[in-house]
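Observations on chain architecture
Read off the chains here:
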Amino acid sequence: MTTGRIHSWDLSTGVDGPGTRFVLFVSGCPLRCLYCANPDTWHLRDGRETTVDEVMAEIEKYRAFITTAGGGVTISGGEPLLQPAFTGEVLRRCKEAGLHTALDTSGFLGARATDALLADTDLVLLDIKAFDVDAYRRLTGGRLAPTLSFATRLDRLGVPMWIRYVLVPGWTDDPPAVDALAGFVAGLEAVDRVDVLPFHRLGAPKYEALGIPFPLKDTPSPAPELAASVRDRFRGRGLKAY
């Protein structure tokens, strides 16, 4: 029986994929993004162990609601590909149940996603956190190359993608870097849209509760004009940006 460690689940509309979604937040993440809003999902050990059967039983309670609203199931985190067997089994069971599936991932562990797992994935919400190699490392503690490789692989397999880009003043708002990312994304035929997500400090209380300093506690949210200009840079490459 396949088991995994999860943080929680929730219902959302218009944020984690099309329609109303049952969102499963798994525990554990290899990155330490400075703007992370969920530091309580970083460690596997802090998650609750559960079985795929238990997850599917919970999803079934909301099947009518999410399907009527044109939604489905999204696996988020944390990082779902830190637990590829568990994530893959949930995706497979959801597909067998006729539910739309989405995978929310940084792509950093994309090599762990088997072709079978991706065949059961209707949509990948791919977080490209920065396009400059040095900025990516300083922002996340990880390497950019695995994410770009994963994006290219998804495109080759024809797996639809929504690109997510968190706009952080002073970190991810550099026009040349945004233009370079837009050029890369424009070359991926499987990308349906780009979501420019303004940075916020809503996760700050979690850091305080955990006794962890919030690195960007003094960083402001981007002005609406900045967010609009970044979206326009993506649109200038023929992409749908929101």
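Keep in mind it's a predicted model, so treat the numbers as computed, not measured. (Residues numbered from 1 in each chain as written. Predicted model: local features only at pLDDT ≥ 70, side-chain atom pairs only at ≥ 80, totals over all residues. Heavy atoms only, no water.)

A few points about unusual backbone geometry
Selection criterion: The numbering of helices and of strands both runs from the N terminus, where a helix is a DSSP run of H or I of at least 4 residues and a strand a run of E of at least 2.
Residue G78 is bonded to the preceding G77 through a cis peptide linkage, with omega at 15°. With respect to the helices and strands, the residue G78 is situated in the loop between β4 (72-76) and α3 (84-96).

Some points on the sheet that holds strand β2 (residues 20-26)
Here is the rule we go by: Think of it this way: DSSP has to see at least two bridges between two strands before they count as a pair. Axis definition: a line fitted to C-alpha atoms, limited for helices to the stretch in contact. Angles are taken between N-to-C directions and run from 0 to 180 degrees. Throughout, a residue-residue contact means that at least one pair of heavy atoms, one from each residue, lies within 4.5 Å.
Strand order across the open sheet formed by 8 strands is β3-β1-β2-β4-β5-β6-β7-β8, with mixed pairing between neighbours. Edge strands, defined here as strands with exactly one partner in the open sheet, are β3 (48-51) and β8 (191-198). Across this sheet, the average inter-strand angle for adjacent strands is 30°, counted without regard to direction. By the bridge criterion, 4 bridges tie strand β6 (residues 123-127) to strand β7 (residues 161-167) in an arrangement that is parallel. Paired with L126 across the two strands is I163, which belongs to β7. The sheet strands contacting helix α1 (residues 52-61) are β1 (3-13), β2, β3 and β4, and the helix crosses β3 at an angle near 80°. The strands touched by helix α9 (residues 224-235) within the sheet are β7 and β8, with β8 carrying the most contacts at an inclination of about 160°.

Quick notes on the pattern of salt bridges
Formally: A carboxyl oxygen of Asp or Glu within 4 Å of a side-chain nitrogen of Lys or Arg is what we treat as a salt bridge. Each residue's exposure class comes from its accessible area (1.4 Å probe, protein chains only) as a fraction of the maximum for that residue type: buried when under 20%, exposed when over 50%, partly exposed otherwise.
By the definition in use, this model includes 15 salt bridges. In this structure, R193 and D195 form a salt bridge, with 2.8 Å as the shortest nitrogen-oxygen distance. Under the relative-accessibility criterion, D195 is labelled buried at 7%. Between D218 and K217 there is a salt bridge whose closest N-O contact spans 3.2 Å. We note that D218, like K217, is exposed. Here the salt bridges share partners, and the residues they tie into one network are D16, D104 and R164.

Observations concerning the pairing of β2
Taking burial as the measure, the 7 residues of β2 include 7 buried ones, the bulk of the element. Of the two faces of β2, the one carrying T20, F22, L24 and V26 and the one carrying R21, V23 and F25 are both buried. By the bridge criterion, 5 bridges tie β2 to β4 in an arrangement that is parallel. Each bridged residue has a counterpart across the sheet, and for L24 the counterpart in β4 is I75.

So, helix α7 (residues 175-186)
Quick note on the threshold: Under the convention used throughout, the expected extent of a helix is 1.5 Å for every residue step, that is, one less than its residue count. Regarding the arc, it is the one traced by the directions from the helix axis to the C-beta atoms.
Over its 12 residues, α7 runs 16 Å from end to end, which matches the ideal 16 Å to within 8%, given 1.5 Å per residue. Within the sequence span of α7, burial applies to A177, V178, L181, A182 and V185. Angular distribution of buried residues about the axis of α7 spans 140°; they occupy a single face of the element. The secondary structure elements touched by the buried residues of α7 are β7, β8 and α9.

Quick notes on the packing of α7 against α9
Packed helices, taken two at a time, are described by the angle their axes make and the gap between the axes. Note the threshold: By definition, any crossing whose near helix is turned counterclockwise from its far helix by less than a right angle is left-handed, and any crossing with a clockwise turn is right-handed. Three classes are used: nonpolar for Ala, Val, Leu, Ile, Met, Phe, Trp, Tyr, Cys and Pro, charged for Asp, Glu, Lys and Arg, and polar for all others, with Gly counted as polar.
The interhelical angle for the contact between α7 and α9, taken along N-to-C directions, is 35°, at an axis separation of 9 Å. Crossing angle aside, the handedness with which α7 passes α9 is right-handed. Between α7 and α9, the residues in contact are P175, V178, D179, L181 and A182 and V230, R233 and F234, respectively. Residues that form the contact of α7 with α9 fall into these classes: 6 nonpolar, no polar and 2 charged.

Interpretation in functional terms is not warranted from these geometric data alone.
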